[in-house]
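# Inside the fold
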Amino acid sequence: MAPPAQSQKSASPSQPSGKGEVSDVKMQLRQLAGSRSPGTDDAKRELFKKVISYMTIGIDVSSVFSEMVMCSATSDIVLKKMCYLYVGNYAKYNPDLALLTINFLQRDCKDEDPMIRGLALRSLCSLRVANLVEYLVGPLGTGLKDGNSYVRMVAAVGVLKLYHISASTCMDADFPAMLKHLMLNDKDAQVVANCLTSLQEIWGLEASASEEAARERETLLSKPVIYYFLNRIKEFSEWAQCIVLELVAKYVPSDSNEIFDVMNLLEDRLQHANGAVVLATIKMFLQLTLSMTDVHQQVYERIKAPLLTLVSSGSPEQSYAVLSHLHLLVMRAPFIFSSDYKHFYCQYNEPFYVKKLKLEMLTAVANESNTYDIVTELCEYAANVDIPMARESIRAVGKIALQQYDVNAIVDRLLQFLEMEKEHVTAETLVLVKDLLRKYPQWSHDCIAVVGNISSKNVQEPKAKAALIWMLGEYAQDMQDAPYILESLIENWDEEHSAEVRLHLLTAIMKCFLRRPPETQKALGAALAAGLADFHQDVHDRALFYYRLLKYNVTVAERVVDPPKQAVSVFADTQSSEIKDRIFDEFNSLSVVYQKPSYMFTDKEHRGPFAFSEELGNLSIDTELADNVVPAQRVEANDKDLLLSTSEKEDNHGASNNSSAYNAPSYDGSRMVGASQAQQDLVSLDQPPPANVPVSLAIDDLLGLGLPVVPSPAPSPPALKLNAKAVLDPNSFQQKWRQLPLAASQEISMNPQGVSALSSPQVLLRHMQGHSIHCIASGGQAPNFKFFFFAQKEDEPSTYLVECVINSSTCKAQLKIKADDQSTSQAFSALFESALSKFGLP
Amino acid sequence: MISQFFVLSQRGDNIVFRDYRGDIQKGSAEIFFRKVKFWKEDGKEEAPPVFNLDGVNYIHVKVVGLLFVATTRNNLPPSLVLELLQRVARVIKDYLGVLNEDSLRKNFVLVYELLDEVIDFGYVQSTSTEVLKSYIFNEPIVVDAGRLPSLGPAALFMQGNKRMPGTAVTKSVVAQETGGTKREEIFVDVIEKISVTFSSSGYILTSEIDGTIQMKSYLSGNPEIRVALNDDLTIGRGGRSIYDYSGSSGSGAVILDDCNFHESVHLDSFDVDRTLSLVPPDGEFPVMNYRITQEFKPPFRINNLVEESEHFKAEVILKIRAEFPSSVTANTIVIEMPLPTYTTRVNFELEPGAVGQRTDFKESNKRLEWSLKKIVGESEHTLRVKLTFPQELHGNITKEAGPVSMTFTIPMYNPSGLQVKYLQIAKKTKTYNPYRWVRYVTQANSYVARI
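Residues numbered from 1 in each chain as written. Chains lettered and ligands numbered in written order. Predicted model: local features only at pLDDT ≥ 70, side-chain atom pairs only at ≥ 80, totals over all residues. Heavy atoms only, no water.

### Quick word on the sheet that holds strand E22 (residues 367-376) of chain B
Strand order in the open sheet formed by nine strands is E13-E16-E9-E8-E26-E24-E19-E22-E21 (chain B), with mixed pairing between adjacent strands. Single-partner strands in this sheet number two, and they are strand E13 (258-261) and strand E21 (357-362) of chain B. When strand polarity is set aside, the average angle formed by the axes of neighbouring strands in this sheet is 15 degrees. By the bridge criterion, nine bridges tie strand E9 (residues 204-217) of chain B to strand E16 (residues 283-292) of chain B in an arrangement that is antiparallel. Following the sheet pairing, Asp 210 of chain B is matched in E16 of chain B by Arg 291 of chain B. The sheet contacts of helix H18 (residues 293-312) of chain A involve strand E8 (185-198), E9, E13 and E16 of chain B, and relative to E13 of chain B the element is tilted by about 75 degrees. (Pairing = 2+ DSSP bridges. Helix = DSSP H or I, 4+ residues; strand = E, 2+ residues; numbered from the N terminus. Axes fitted to C-alpha atoms, helices over the stretch in contact; angles between N-to-C directions. Contact = heavy atoms within 4.5 Å.)

The following block contains the structure:
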C-alpha cells in the first residue's frame, strides 16, 4: 500500500513557519486519537511523518508528546515505529511524559508478534530516564529468554542500555551473568555477538571498581572462550567477525603451534571484500606474531597484496583509511615495501591528504635500487602546477638525499629546481640545499655556484631567505659577491619583517667579516647599529653580544661565531619511537589515521574496554618525561633485523632485554630509564644506589614535603636480590603483563602517614626505587592511585611485575604480582610488601 | 561504537539524524558541516574523511553529493565506520532504487526504519538488504526514474568525482512493479577502472586495473548461481616483481595480482575450473574485487606537442588515438590540461567536420578542457590550441603547463580480458529462464600523459 501522493508536502521539510504549524499538528492528532473510522491510520501516518520531519530539522515538537502517545494505540507497525522513534528522542527531556509511554510499551513487549516485542523492548530501553528503570528489569529478563532470536538480540543490547542508565540496577538484576550464559549457548550468532559487545563494555567499565568484573573481563580472553568464538567465526556477520577478531588480537596463545593454528584458521579472512574484516585480521596477525621475528616479517609479506587491493577498490575515503595503515607499516619496515614503490606514486586527481601520505611512503622506501625512479617521479610533481604538492615533493627529494642514497644525482636535480625560476620552488629548494650542505659539506662547490646566481630579490619567504643568508655567511670566501649581497640586505633592514631573517643576517655578516674583513667592515657596522636599535629582543641581544665579543677580542669572537664545524650526521626525527610503537599497538583504530596515540585525542573512558595498553598510556608519567629529556637522536639504518623495532638501532642497547621472549616491539629500555634517572638527578643530585636513602630523603625535605626520615632500609630476605638498575620498557611490560599468569594477589594495609604523602606520587616512586623496585607508570586521583612497578633479579633477567592500587581513604593497597619465575614470586611478594609497608614510617 | 549517524545535503541540511548513544551534543551536524566547508581558509584543500574536534571524531563519506556522517568519542577502526557508511548508502539505494537527495527526503521515514535495524546503541547489527527485508514495513516511494538523465544499457552514472560507479539498474529490490509481478533477472557487471601514466616520450610509466565484478539480483527464491571466469586466470604474480613486464604479455592469460571476494562466494571449485558459486543475496554487492598490474594495451594514446611559435605565443597540439576495435565506442570523454598561469588568451581550432566536440578555457584555474561526446574505436582526433601571453616567455613552457589528463567511459570493453564465460542459474522448473545481463565497462581512474 503506497502512501498517498500528498506526502510531497511533508516530505520536503522546507522551514515551516514555526509554532503555528506544530500546534496545527497537535490539534489534528487530537482529533484522530479517538477515531476508529477507516483511513485513520493513513491520516495518522501523514501527521507522524510531519512530526518526525520537524524533529529531524531541529524543530522542537516535544509539545505534541501526549497526543503522539494517545495516537499510538494502533496495530499499524509503521505507525508504531514512528511513534517509538519520536518517544525515544524526547523521553529523556520529558521524564514525566515518558511515564505515559511505559504502559503501551510494556503491553507491546508481550505482543504475539516477535517483531513488535523486539521493537517495544528496544524503545523501552532507549528512553534514557533514570526513574523509569524499574519498569525495564522485567521485560528485559523475559526478553533475554524469548524464543525468538530477534527479541533476544534486542534484549542483549538492552542490558547495556540499562547499564548506562543505572549501572546498579543492571548489576543487581544479575544481567551480566545472564548475558554470559547466552553468549556461550545461544544458537543465533548475532545474539552471541551482541552479548559479547555488551559484556565487553559493562565489564570494562566495572573493572576499575570491582575485582570480579576485572576477572570476568579476563575470562573473555581465556582459551575456551576464544576458541568458542573462533570455531563459530563463519556464522557471524561480517561486522560481528570484526568484533571477534578484535578480541582474538588481545589473546595470548600459549605457544607458537597455537599461534599458527589460529592464523591458519583465519587466513581466508584476508580475502574478504569488507576492508574492516581484513584490517581486523591483519591486526590480529601482527599482534600474535610480535614475538616471532621471522614470522612477523612473513606476515608483512602476506598482507601486502590484500592491503594494496583494498587501497584501490572502494571509495576514496575507504582507501584513505587503508592507506593510513599501509603508511604505518611502510614506516616501520620500509625495506619490505621497497619493490612496491610504484604503488605509492600519486595520481593527479587524488586529494592532498592522500598524496601527502604517499610522498612520505616514497621517501621511506627509497633505497639504492629505486632512488633514481622515485626521485624522477618526485621531480615531476615538483614541476606541478599544484603548489602545496610541489613543495611537499621537493621536501621529499631532500629527505631522500639526507638518507644518503645517490646524493650526487639528487644535488643536480635540486640545482635544476633553482633554474626553474618559480618562487615557491626556489624557496623550498634553498632550505633543502642548506640542510644538505650541513650534512655534506663536500658538495658546497657545486651548490654555491648555483646559489650565487640567485638574486636575493626573488626570494621572499623568510625560511628561504634565512637559508640563503646562512649560505652567504657560511661560504663567504667562495662567493665573490657575498659581502655586497649582504650589504644590500642590511641596507633594507627596516623592511625586513622576519626576526628570523634579521638574526641570520647578523650571524652571516659576522662570519663574512671574520673571513673578508676589509670588504665587510662597513656593512658589519651598519648591521650592528641596526641590530642594537632593533625592537625585537633576540635581535637586539644578539647584536649586543656580537658587539661586545668583537670589542673584547676578535680571535675569541671567531672561535665563538665561526669555529670549524662538524657535518651533521643525522637530523632528529620528529616523533619519538615510543609514540610510534604505541600507535602500532593501536593498529586498526583512528590513532593510525591521526598518527597520534589515543591518549592524545580521546578521554580515558572512551578508549575501549579492553585496552590495557591504553591504560598504561594514560598513566605513563615517567615515560613522557623521559621522552622530553632525551632528544630522539636516531640513525635510520636499513637492516632487516630492525623490523620489530623502530628503536633497537640505538647503540646503548639494554643487555637485559635480549633474553626475554616477548620484548618484541622493543623500545630501548636502557635509554628511557637512563633518561628518567637523569631527570631525577636534576632534583636529587645523586640518586640510588639503594643504600643512599638518606640523601634522597634529605632532598625530599628540601622540597618541603616534611617527610619523616627512614634511617635505613630493612634488610631484604637474602633469598632474593634485586637489580638496582633494572631495565624494562613499557611495551615489554605490557606484553609480559598480558602473557604472564597472576602469581599473587593480595591486599595490604599501609601506613596512613605514607598514604597522606601520596598527593605527589614521586615520593612513593623514590621510596620504592630505594628498594630496587621501579615504577613504569603511575596515575590516578584521590582516593584511588594506581602504580605499575617492575623489578628484576640481580643476577638474571627474570622480571617481576606489580600492579598496585592504593586507596588513600582506606589506607589499603591491592597488589597483583606477576613473575617470570613463579617459584620466587612469594619471596618477591614479601619483599614488595615489606618495602611498601615501610613507606611513610618514621 | 558510533554515537550518531546523519545525512546532510550539499547545503548542510539534515536529511536524517539519528542519535544512538546521547553522549555527543545535538549541534554536531552544524559543527561538522562548518568544519568541512571551511577546512582551510583558501577552501582549496579538502577535509579528510576522518577528523577530531574537541574529542569528537567525525567520520564521513560523500555519496552522490550527500554527506553520510558518523560521530563517536571512541577510538574505533576507521575502515569499519567508513565501510559501514558506504553500506548504509548502498542499503538505502537498494530500497529506494535511486539514491539522491530527493528520494531520501521522500523516504526519510523508511530510512529511519532502516537505521534502527542497521545500528543499535551504536553497534552494527546487519547491513544485508536480505536480512533487513523482514524488519522493514514502510513501502518505498519511488522517485520517477524518468527525471534522471537517460541511461544507456551499460552507462554508469558518475556522481561528482566519485570513483564508485553505480549500475544502471534503478529498481528497488522491494518495490512491486506495476502488474504486481517481479521480473526475474540478474545483472553481472564487470567494471574496470584503469590508471595509466605516460611519460613525455609516450612510454608507459605505470598502469593498473582495479576491477570489480558487481552483481545485482532480482531473482526470487534465491537460487544458487555459478559464475565461470577465464580458464587461464591466475592469481598472484609469483616471485616476480609486479612491475616486471617481460614475458607476461602476448600469452593472453589474465594474471591478477590479488583479489578478494564477497562473503557469500564459495571458492570450492575455483582452483579447479575458475568458477565461483554463490547464492546471491538481494541488493547490489561486489562479488569480487581484483587488481592487475600486468601490462595491457591502453585504450587511448595521447600525443601532445607544445611549441613556442612567436615571442608572445605558443601552440599546443593534442592528438587522441583510440586503440580499441572499431566496433566499440567510448563516450563522455573529457581531456584537461593546465596552461601557464600567465596565459591571457586561448584560441581553439577543432578538426574540420568535428561533431559533438566542445572546447573551453577555464579562466579561474587556467585549464583547457576539450570534451567529446564519443570516440569510435581506431579513430583519431586532434585539437590545436593557440596561446597568447602578455610578455616574452622566460624559461621552459613545458614546465608551466600540463600534464594532460583524460576521463572516459567505454561500454562493452575491458582491457584486462577478464570474462564471465557463463552464468549458470540453478533451475527450479524447466520453464524457469530468467534474464541474465553480463555487461562490461571501462572507466578512466587516473589517465595522464606528461608533457
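Resuming the write-up.
### Thoughts on the packing of aromatic side chains
All names here are of chain B. All told, the structure shown has 35 aromatic pairs over all chains when counted by the stated rule. An aromatic cluster is present here, built from Phe 6, Phe 17, Phe 32, Trp 39, Phe 51 and Tyr 58 joined pairwise through their rings. Above the face of the Phe 121 ring, Arg 21 is positioned so that its terminal group lies 4.0 Å from the ring centre. The cationic tip of Arg 274 hangs over the ring face of Phe 270; the distance from NZ or CZ to the ring centre is 4.7 Å. (Phe/Tyr/Trp six-rings, centres within 6.5 Å; stacked < 30°, edge-to-face > 60°. Lys NZ or Arg CZ within 6 Å of the ring centre and 35° of its normal.)

### Points about the packing of helix H9 (residues 149-165) of chain A against helix H12 (residues 189-206) of chain A
All names here are of chain A. Orientation of H9 relative to H12, taken along the N-to-C sense of each, is 10 degrees, at an axis distance of 8 Å. Classed by the angle they form, the pair H9 and H12 counts as roughly parallel. Residues Ser 149, Arg 152, Met 153, Ala 156, Val 157, Val 159, Leu 160, Tyr 163 and His 164 of H9 form the contact with H12, whose own contacting residues are Gln 190, Val 191, Asn 194, Cys 195, Ser 198, Glu 201, Ile 202, Leu 205 and Glu 206. Partitioned by chemical class, the residues of the contact of H9 with H12 number ten nonpolar, five polar and three charged. (Parallel < 35°, antiparallel > 145°, perpendicular 65-115°, else oblique. Nonpolar A, V, L, I, M, F, W, Y, C, P; charged D, E, K, R; others polar.)

### Digging into the domain arrangement of chain B
Residue and element names in this part refer to chain B. Under the domain assignment used here, chain B contains domain 1 (4-132), domain 2 (176-297 + 413-449) and domain 3 (300-411). Summarising the inter-unit geometry, the C-alpha centres of domain 1 and domain 2 are found 30 Å apart. For the pair domain 1 and domain 2, the summed buried surface comes to about 560 Å²; carbon and sulfur atoms form 34% of the total. It is Arg 90, Asp 94 and Glu 130 in domain 1 that bury the most area against domain 2; as a group they hold 73% of the surface buried on that side. Summed over the shared surface of domain 1 and domain 2, the result is one salt bridge. (Domains from an automatic or database assignment. Buried area = accessible area lost by both parts, 1.4 Å probe. Salt bridge = Lys/Arg side-chain N within 4 Å of Asp/Glu carboxyl O.)

### Side note on the interface of chain A and chain B
Of the residues lining the interface, 95 residues belong to chain A; the matching set on chain B comes to 92 residues. Summed over both sides, the interface of chain A with chain B buries roughly 8000 Å², with 55% coming from carbon and sulfur. With a closest N to O distance of 3.8 Å, Arg 450 of chain B and Glu 380 of chain A form a salt bridge. Tallied by class, the residues present in the side of chain A that touches chain B amount to 43 nonpolar, 34 polar and 18 charged.

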